[in-house]
Amino acid sequence: MDDQRPLSTWAWTCPPNNSRAKVDFDADFPKHGTHKGVHVRPSTGEVYAPVAMWMESLDLVLHRLSKERTPVPMSRIRGVSGSGQQHGSVYWNHQAQDILRRLEPSRQLVDQLSGALAYEWSPNWQDQSTQSECDAFDAELGGREKLAAVTGSGAHHRFTGPQIMRLRRVRPEVYAATSRISLVSSWLASVLLGSIAPLDRSDVCGMNLWDVRSQRYSPELLALAAGKDGADDLREKLGEPQADGGATLGCISPYFVDRFGFRADCRIVPFTGDNPATMLALPLRPLDAVVSLGTSTTFLMNTPRYEPDGSYHFFNHPTAEGHYMFMLCYKNGGLAREKVRDALPAPAGGRTGWEAFNRAVLDTPPLDMAGEGGRAKLGLYFYLRETVPNVRAGTWRFTCAPGGGDLRESREEWPREVDARVIVESQALSMRLRSRKLVHSPRDRLPAQPRRIYLVGGASPNPAIARVIGDVLGGADGVYKLDVGGSACALGGAYKALWALERRPGQTFDHVIGRRWDEGGAVEKVDAGFKPATYQTYGDVLASFEHMETRLLAEERRD
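Residues numbered from 1 in each chain as written. Predicted model: local features only at pLDDT ≥ 70, side-chain atom pairs only at ≥ 80, totals over all residues. Heavy atoms only, no water.

The next subject is the side chain of Thr319. Among the secondary structure elements, Thr319 is positioned in the loop between strand 17 (313–316) and strand 18 (324–330). Leaving out residues up to four positions away in the same chain, Thr319 has contacts with Arg201, Leu280, Lys496, Trp499 and Phe509. (Helix = DSSP H or I, 4+ residues; strand = E, 2+ residues; numbered from the N terminus. Contact = heavy atoms within 4.5 Å.)

Structure representation (structure tokens):
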């Protein structure tokens, strides 16, 4: 289940022939009335999706895969893994296990599994309804940084622990009727398995409930979410995660054998989150980074170092014991860039849309320091309340001295063409600021930076965005577009199944997949990356960029 690009798409990928099928939630299921796959309730900040739509989508995407021009021979599929949007949760009732076990292949999933739900909706990663719960999570262990030290993240609206806490508060009857709680990834694995599947070792870290150092649920945080006497009950609802990312959970449900022709011994491997699965779409070395340019923007690194901070995320690596996935996730990614694009003046010479945006970016010098006395321009463009930093929706423009310092808020709007450059710079500067503890010199006394930067997602082919990311973040060996057909996390899930099936004792994911990996057909260098003078220019203003965020956060607390 691929929710990176766009939100409304569900993809299924089958290597080695790389056959694909997809479902568009809005277009294929207009009866559910979603926009980009979700419903929004502005009065509460809730963003949620109908679980029934996902049931219908699974039936439809498998039907399409089996009826392609070159149909996939389902009987040859030996293993299935995959991914789902992180943090979303699904609430099963007490009849769920029996209903899953007795699915009838003559009937659609939705006609049977709707009766297995305690709650028909799944909170979406864009949800903003849990501020009071986040405040409680941040305070429970003595502050946001202490929470991050334990769980790998400060509290975030979308994280499953605060979502469960809010559900118990506003819908106590739903919580009482819930037998098990799945993440979207383990929900999908459960349907295919015909039994409630355990949470994944990486995805469980996106809950603010899992103690990453101790590799267990935090008793204090369980009690916070479930009430003082409810910690044990919540632990049972969640179940223990699967520690081995390549374990076999069991064979596929007879429903899919009879309905779609899967082989009866097809193995189900733990599904993970969309971001961990994106990392698995290629053998990623430590110091390599992935920037996913979808509706949201994410920055991912594989690292053996656990350096938690309240402003970003650490998860268990989905396949590598003792390694972690470092992640930054921004709500204001592709949609924010589109807003700036759409505000550009009517183009001359026939340029429209992204062509005009790209020209504006490339024609504007770094930080637009050619004008206004050489002062550097910095900005934040938040059309949704952001999580990194946790600042309300709004647009802010600042200037600073070329070498940093003398930060001043600008009360005048800039030319829209300048905004196009500055929004991309601001997103990349935030990534550089927050990843600086994890990078080091890749070689030859170069400044600390990623070795390679891989771009995935909808905007990865954009040359202007690639140029700015290389200018700001560096990339000693360059910036590369990873082209896996727009479904990086679907492919990462497929590789995960392949590793589980083919590994010998002690063989790592990178060892098994690396032998098959041919980057010639999937990786294209799109920017030189590190440019010493330009990299230094952005480094000079990094402290001012951080100060700008700090000022806005302080103003929000005063409000």
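Another aspect to go through is the UniProt feature "domain: Carbohydrate kinase FGGY N-terminal" (unreviewed entry) in the chain. UniProt annotation of "domain: Carbohydrate kinase FGGY N-terminal" (unreviewed entry) refers to residues 125–279 when read in the numbering used here. Split by type, residues 125–279 is 48% helix and 9% strand. Its first and last C-alpha atoms lie 19 Å apart. (UniProt positions renumbered as here; feature names shortened; annotations may be inferred.)

What follows is about the layout of surface pockets. Here the second largest pocket defines a volume of roughly 560 Å³. Along the wall of the second largest pocket there are 22 residues; nearest its centre are Asp309, Ser311, Pro389, Arg434 and Leu553. Listed by contribution, the elements that provide at least two residues to the lining of the second largest pocket are helix 6 (144–151), helix 16 (416–435) and helix 20 (532–558). When residues of the lining of the second largest pocket are assigned to their parent elements, the largest contribution, six residues, is made by helix 20. The residue makeup of the lining of the second largest pocket, split by class, is five nonpolar, six polar and 11 charged. (1 Å grid on protein atoms, 1.4 Å probe; cavity = no way out; pocket = protein on both sides within 12 Å on 5 of 7 lines; lining within 4 Å. Points joined across faces, edges and corners; volume = space filled by probe spheres on them. Nonpolar A, V, L, I, M, F, W, Y, C, P; charged D, E, K, R; others polar.)

Applying the stated criterion to the full structure yields 18 aromatic pairs. Measuring from centroid to centroid gives 4.7 Å for Tyr312 and Phe326, while their planes differ by 70°, and the two rings are edge-to-face. In this pair, Tyr312 is assigned in the loop between strand 16 (297–303) and strand 17 and Phe326 in strand 18, connecting sequence segments 14 residues apart. When its relative accessible area of 2% is taken as the criterion, Tyr312 is described as buried. By relative accessible area, Phe326 is classed as buried at 0%. Ring centres of Phe530 and Tyr535 lie 5.4 Å apart, and the angle between their planes is 75°; on these two criteria the pair is classed as edge-to-face. (Phe/Tyr/Trp six-rings, centres within 6.5 Å; stacked < 30°, edge-to-face > 60°. Buried < 20%, exposed > 50% of the residue type's maximum accessible area, 1.4 Å probe, protein only.)

In this section: the pairing of strand 15 (residues 289–293). Of all the five residues making up strand 15, five are buried; the element is thus mostly covered by neighbouring parts of the structure. Burial along strand 15 is two-sided: Ala289, Val291 and Leu293 facing one way and Val290 and Ser292 facing the other are all buried. Across five bridges, the pairing between strand 15 and strand 16 is antiparallel. Within strand 16, the position partnered with Ala289 by the bridge is Met301. Counted along the chain from strand 15 to the antiparallel partner strand 16, the turn is three residues long. Direction of pairing for strand 15 relative to strand 22 (residues 453–456): parallel, over a ladder of four bridges. Pairing of Ala289 across the sheet is with Ile453, part of strand 22. (Pairing = 2+ DSSP bridges.)

Residues of helix 14 (residues 334–342) that are buried: Gly334, Ala336, Arg337, Val340 and Arg341. What you see down the axis of helix 14 is that its buried residues fit within an arc of 160°, all on one side. Residues of helix 14 that are buried make contact with strand 15, strand 16, helix 15 (353–363), strand 19 (376–382), helix 16 and helix 17 (463–473). (Arc of directions from axis to C-beta.)

Another point: unusual backbone geometry. Cis rather than trans, the peptide bond between Val388 and Pro389 has omega equal to -5°. Relative to the helices and strands, Pro389 is located in the loop between strand 19 and strand 20 (394–400). Of note in the backbone geometry, Asp368 takes a positive phi value of approximately 50° without being a glycine. One non-glycine residue, Asp406, lies in the positive phi region at around 55°. Note that Asp406 resides in the loop between strand 20 and strand 21 (408–409).

Before going further, it helps to examine the pattern of salt bridges. Here the structure, examined in full by the defined rule, presents 42 salt bridges. Between Asp244 and Arg503 there is a salt bridge, with its nearest N and O atoms 2.7 Å apart. Of this pair, Asp244 sits in the loop between helix 11 (231–238) and strand 12 (250–251) while Arg503 is found in the loop between helix 18 (488–502) and helix 19 (509–514), placing the two residues 259 residues apart along the sequence. Judged by relative accessible area, which is 29%, Asp244 ranks as partly exposed. For Arg375, the salt bridge goes to Asp406, with nearest N and O atoms at 2.9 Å. Of this pair, Arg375 sits in the loop between helix 15 and strand 19 while Asp406 is found in the loop between strand 20 and strand 21, placing the two residues 31 residues apart along the sequence. On the basis of relative accessibility, which here comes to 11%, the residue Arg375 falls in the buried class. Look at the salt bridges and you will find they share partners, linking Arg421, Glu425, Arg467, Asp471, Asp527 and Lys531 into a network. (Salt bridge = Lys/Arg side-chain N within 4 Å of Asp/Glu carboxyl O.)

On to the domain arrangement of the chain, then. Interfaces are often described in size by the accessible area the parts lose on coming together. One can read the domain layout of the chain as domain 1 (9–275) and domain 2 (335–436 + 533–557). The centre of domain 1, based on its C-alpha atoms, is set 36 Å off from the matching centre of domain 2. Each side of the interface is counted separately: domain 1 has six residues, and domain 2 has five residues. Interface area for domain 1 against domain 2, summed over the two sides, is near 490 Å², with a carbon-plus-sulfur share of 52%. Contact with domain 2 buries area across many residues of domain 1, yet Gln128, His156 and His157 alone supply 53% of it, more than any other trio. Taken together, domain 1 and domain 2 are joined by zero salt bridges. Connecting domain 1 to domain 2 are zero residue pairs in polar contact (both at pLDDT 80 or more). Class assignment for the residues of the side of domain 1 that touches domain 2 results in no nonpolar, four polar and two charged. (Domains from an automatic or database assignment. Buried area = accessible area lost by both parts, 1.4 Å probe. Polar contact = N/O pair within 3.5 Å; in protein donor to acceptor, adjacent residues only side chain to side chain.)

Looking now at the packing of helix 5 (residues 131–140) against helix 10 (residues 219–226). Packed helices, taken two at a time, are described by their axes: the angle between them and the distance between them. For the pair helix 5 and helix 10, the least separation of the axes is 10 Å and the interaxial angle reads 155°. Accordingly, the angle class assigned to the pair helix 5 and helix 10 is roughly antiparallel. Between helix 5 and helix 10 the crossing geometry is right-handed. Residues Ala136, Phe137 and Glu140 of helix 5 pack against Glu220, Leu221, Leu224 and Ala225 of helix 10. Classifying every residue of the contact of helix 5 with helix 10 by side-chain character gives five nonpolar, no polar and two charged. (Axes fitted to C-alpha atoms, helices over the stretch in contact; angles between N-to-C directions. Parallel < 35°, antiparallel > 145°, perpendicular 65-115°, else oblique. Left-handed = near helix turned anticlockwise from the far one by under 90°.)

This model, assessed by the stated rule, comprises zero disulfides. Between Cys134, a free cysteine, and Cys329, which holds the nearest cysteine sulfur, the sulfur-to-sulfur gap is 14 Å. Here Cys134 falls in the buried class, since its relative accessible area comes to 3%. The structure places no disulfide on Cys329, whose sulfur is separated from the nearest cysteine sulfur, that of Cys489, by 12 Å. By relative accessible area, Cys329 is classed as buried at 7%. (Disulfide = S-S within 2.5 Å.)

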